[in-house]
Amino acid sequence: PMKNLVDEFLGMSRLEAILLILILIPTLITLIWGAPWIPTPKARARKMLQLAKLKKGEKIYDLGCGDGRLVHLASMEHGANAVGLEFSPLVYAWAKILQPFYWFKGSRARIKFRNFYNADLSDADVITCYLLPHTMRHVQKKCDLELKPGARLVSYAFKVEAWTPTHRARRNREKGHGPIWVYQMDA
């Protein structure tokens, strides 16, 4: 089977091989330095936005936005200026396929193909994320450098070890929901 796989790969056109590599590299980077795509339950996404105390017109970024559900909810239900950042090409493509359906419901959220480590988050009022603990350490450092006083970070499932939360919504084992951690810069 492995020989067949290698033969199949070697039989690709140059364009096919380049496209495969262009998809695989960001996907692997996302898995190693971000998190695998596991959609946040919509009820928890709504709770995250509620706990963020998101106001109309505020700028919110969702780091590793997946299918974009959280930023679309932020736009539709809170009138936020919502931006999702996704670096996995396949997940990003799925988010872009879904985007028109949300637009018909009134969302004006934007989904960008971007590695959030390279994005400028200094204009954020709220950051949301569902990332692994090792990634949260990097997010914490980035937020310490870039976020303005009063900005909030809301994390699903995993906390920022170096910070003290301003609020914590406990895990709901019956529904399979993880905890939500809320932080405020200079709080």
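Preceding this section is the structure that the text describes.
Residues numbered from 1 in each chain as written. Predicted model: local features only at pLDDT ≥ 70, side-chain atom pairs only at ≥ 80, totals over all residues. Heavy atoms only, no water.

Enquirer: Help me understand the nonpolar core in this model?
Expert: One recurring pattern in soluble globular proteins is that nonpolar side chains are buried together. Counting residues in hydrophobic clusters, the biggest one holds 24 residues, and the most contacted among them are Leu49, Leu54, Ile60, Ala74 and Ile180. Secondary-structure elements contributing two or more residues to this core are α3 (42–51), α4 (69–78), β5 (152–156) and β7 (180–184). If we skip the residues at most four places from it in the chain, alanine 74 touches Leu49, Leu54, Ile60, Gly79, Ala80 and Ala82. (Core = buried A, V, L, I, M, F, W, Y, C linked by side-chain atoms within 4.5 Å. Buried < 20%, exposed > 50% of the residue type's maximum accessible area, 1.4 Å probe, protein only. Helix = DSSP H or I, 4+ residues; strand = E, 2+ residues; numbered from the N terminus. Contact = heavy atoms within 4.5 Å.)

Enquirer: What is the right way to read the pairing of strand β1 (residues 59–63) from this model?
Expert: Of all five residues making up β1, five are buried, and the element is well covered by its neighbours. Burial of β1 is two-sided: the residues Lys59, Tyr61 and Leu63 facing one way and the residues Ile60 and Asp62 facing the other way are all buried. Bridge count between β1 and strand β2 (residues 81–86): five bridges; the pairing is parallel. In the sheet register, leucine 63 faces β2, and the bridge partner there is leucine 85. In the classification by handedness, the crossover that spans β1, the intervening α4 and the parallel β2 is right-handed. Sheet topology note: the β1/strand β4 (residues 126–129) ladder contains four bridges and is parallel. Residue pairing across strands places aspartate 62 opposite threonine 128, the latter belonging to β4. (Pairing = 2+ DSSP bridges. Right-handed = clockwise from strand over helix to strand, strands pointing away.)

Enquirer: Looking at this structure, how should I read the sheet that holds β7?
Expert: With mixed pairing, seven strands are arranged side by side in an open sheet as β3-β2-β1-β4-β5-β7-β6. The open sheet terminates on both sides in strands that have one partner only, identified here as β3 (110–113) and β6 (167–169). In this sheet, adjacent strand axes meet at a mean angle of 15 degrees when their direction is disregarded. Packing against the sheet, α4 makes contact with β1, β2, β3 and β4, and its axis sits at approximately 175 degrees to β2. (Axes fitted to C-alpha atoms, helices over the stretch in contact; angles between N-to-C directions.)

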